[in-house]
Each structure stands twice: as structure tokens, then as C-alpha cells.
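# Fold and geometry: a report
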Amino acid sequence: MGLLDILLGRTKPVAPDLDRLFALPSAAVTLEAAAGFTPAGTGAVCFATVEGAAFEQLHREVQALLDADSDRTGPPVELSRDGYGYSWLVSRRSPDQLPQLVNDLHAVNSSLESAGFGPQLLCSLTSFTDAAGRGLALVYLYKRGTFYPFAPLPGAAERRDTALELQLKAVLGADLPVEQDLGRWFPVWGAPGL
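Figured I'd write up the structure that's included with this text. Since this is a predicted model, take the numbers as computed values, not measurements. (Residues numbered from 1 in each chain as written. Predicted model: local features only at pLDDT ≥ 70, side-chain atom pairs only at ≥ 80, totals over all residues. Heavy atoms only, no water.)

### Some thoughts on the sheet that holds strand β1 (residues 38-48)
Pairing within the open sheet is antiparallel, and its 6 strands lie in the order β2-β3-β1-β4-β5-β6. Looking along the sheet, the strands with just one partner apiece sit at the ends: β2 (78-81) and β6 (146-150). With direction set aside, neighbouring strand axes in the sheet form an average angle of 25°. Looking at chain direction, β2 and strand β3 (residues 86-92) are connected through 4 bridges and run antiparallel. If you follow R81 over to β3, its bridge partner there is S87. Along the sheet, helix α5 (residues 162-172) contacts β5 (135-141) and β6; its crossing angle with β6, the most-contacted strand, is approximately 140°. (Pairing = 2+ DSSP bridges. Helix = DSSP H or I, 4+ residues; strand = E, 2+ residues; numbered from the N terminus. Axes fitted to C-alpha atoms, helices over the stretch in contact; angles between N-to-C directions. Contact = heavy atoms within 4.5 Å.)

### Some thoughts on the side chain of N109
Within the element layout of this structure, N109 appears in helix α4 (residues 98-117). Judged by relative accessible area, N109 falls into the buried class, the value being 1%. Of note is the side chain of N109, whose polar atom sits 2.8 Å from the side chain of S124. Among residues more than four places away in sequence, those in contact with N109 are L18, L21, V45, L121, S124 and Y142. (Buried < 20%, exposed > 50% of the residue type's maximum accessible area, 1.4 Å probe, protein only. Polar contact = N/O pair within 3.5 Å; in protein donor to acceptor, adjacent residues only side chain to side chain.)

Structure representation (C-alpha cells):
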């Protein structure tokens, strides 16, 4: 980065570090102890919608890769689209299989990246719930290499529990690289598993 970049406030983009996803199981222990949220068994990778034969072939390859796991009860990964036009590759596991779910997310992200779809990757998330039935997602921003909590309030209105999100920011700071710019804590309305 040059002097002009520093003076103009430009920063060099952080390179994606998918290995940061492997910190989620230890963060889940902290999350349960501090706030009572446990894994819900759903994880998803969000990307700008891609069409064509290359993506269909990649989807089949990811299915085959994840299908090799005999612990899975349902399809290895499902493709869905939300109301905002984004695509999600969703993996479902039993709630006690968070490490395997993280492996699935890592494999999906790595496959998309190595196939040239890295620029379309937006985020990955893992879902959590508490005893009261509230949902929570820990969202990994692919292009920033950071996480943030997203806590939608129950009901039809698109509202979020900002106080809970800020509380969890403080709780998770030792386990995960938490995104410090709150303006980048984008809502993921309609995300699978929430």
C-alpha cells in the first residue's frame, strides 16, 4: 500500500481466510455458556446467483463430495434462492454435528472459489437457537474475513435484536475475528435456517 492510499484512506482488501470457519465450534461453546444459544444444525453459503453449465457441474461435484459422508440423513447440499435474488447452498446436520457442518461450509466455499466463482461469494452463516426459540446466525463475510452476529426478531416484520447482537459482539471477540464496522453487519433476511 502506497503513501497516496494511506492519505486517501484506502485500505488493502483482506484476503479471504476460509480456515477462520474452523473457529466456529469453540465459539459455539462460548455462545452457549454466555447467552444460551446452541447450534441449530443448518449452515449456508450465500453468493450472487450464477447460471450456466459450469455452475451446474460444480453443484453436482459438491453434492458428490459431501454425499460421501455417511453421517448425513438428508441431501448433502440444497440450492435455494431468496427473495432478494441471492443463491444459497444449504447444508443440514444434526445440531451436535457442528464441526462436520463447518467442514461442509469450508468445502462448499473452497469449491466455489477454486472453480472461479470467488468474486460471487458473499457470506457463510451458521444458525443457532435458544430455549425461547429465538434464532441467531453467525455470519462470515467472505471478502472481509470477519464474523458478526445477526439476530432477527420473531414475526413478519424485518427487525433485528440489535442489543443482543452487540452483547454477542463482546462475548465472541476472543473466539472469532468480529467485524468492527457495524455498517457491514448486513441483515440476511430470508436466509435458510433462520
